[in-house]
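Structural characterization, general
Next come the chains, spelled out residue by residue.
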Amino acid sequence: MTLFVLFQTDIYKSRASRVFFGVFSTEAKAIDHAKENGLYTHTAEVVIIECEMDKFGEL
């Protein structure tokens, strides 16, 4: 099963600045959640990572 992990980062999209906001079943749901909660700003970027469920690895 494919999952989509939602993060907010700084404008440079550095891994150290990632803030976790949720896991979603579709990319559209992740985008809608980000818009509803004001995660898109001029000082931050939204990153959505697609990953497989039950697999171990660094995101």
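Structure: see above.
What you are looking at is a predicted structure, and each value in this text was computed from that prediction instead of being measured. (Residues numbered from 1 in each chain as written. Predicted model: local features only at pLDDT ≥ 70, side-chain atom pairs only at ≥ 80, totals over all residues. Heavy atoms only, no water.)

**Quick notes on the packing of aromatic side chains**
Using the criterion set out here, one finds 1 aromatic pair in the structure. Ring plane angle 70° and centroid distance 6.1 Å describe the contact between Phe 7 and Phe 20, whose orientation is recorded as edge-to-face. With Phe 7 in strand 1 (residues 2-10) and Phe 20 in strand 2 (residues 19-24), this pair connects stretches of sequence that are 13 residues apart. Look at Phe 7 and you get buried, because its relative accessible area is 9%. The ring of Phe 7 carries Arg 18 above its face, with NZ or CZ at 5.1 Å from the centroid. (Phe/Tyr/Trp six-rings, centres within 6.5 Å; stacked < 30°, edge-to-face > 60°. Helix = DSSP H or I, 4+ residues; strand = E, 2+ residues; numbered from the N terminus. Buried < 20%, exposed > 50% of the residue type's maximum accessible area, 1.4 Å probe, protein only. Lys NZ or Arg CZ within 6 Å of the ring centre and 35° of its normal.)

**Overview of the sheet that holds strand 1**
The sheet built from 3 strands is open, its strands ordered 2-1-3 with antiparallel pairing. At either margin of the open sheet sits one strand with a lone partner, and together these are strand 2 and strand 3 (44-52). Adjacent strand axes in the sheet meet at a mean angle of 20° when their direction is disregarded. Of the strand pairs in this sheet, strand 1 and strand 2 are connected by 5 bridges, and their pairing is antiparallel. From the neighbouring strand, Phe 4 faces strand 2, where its bridge partner is Phe 24. (Pairing = 2+ DSSP bridges. Axes fitted to C-alpha atoms, helices over the stretch in contact; angles between N-to-C directions.)

So far we have only geometry, and geometry alone does not tell us how the molecule works.
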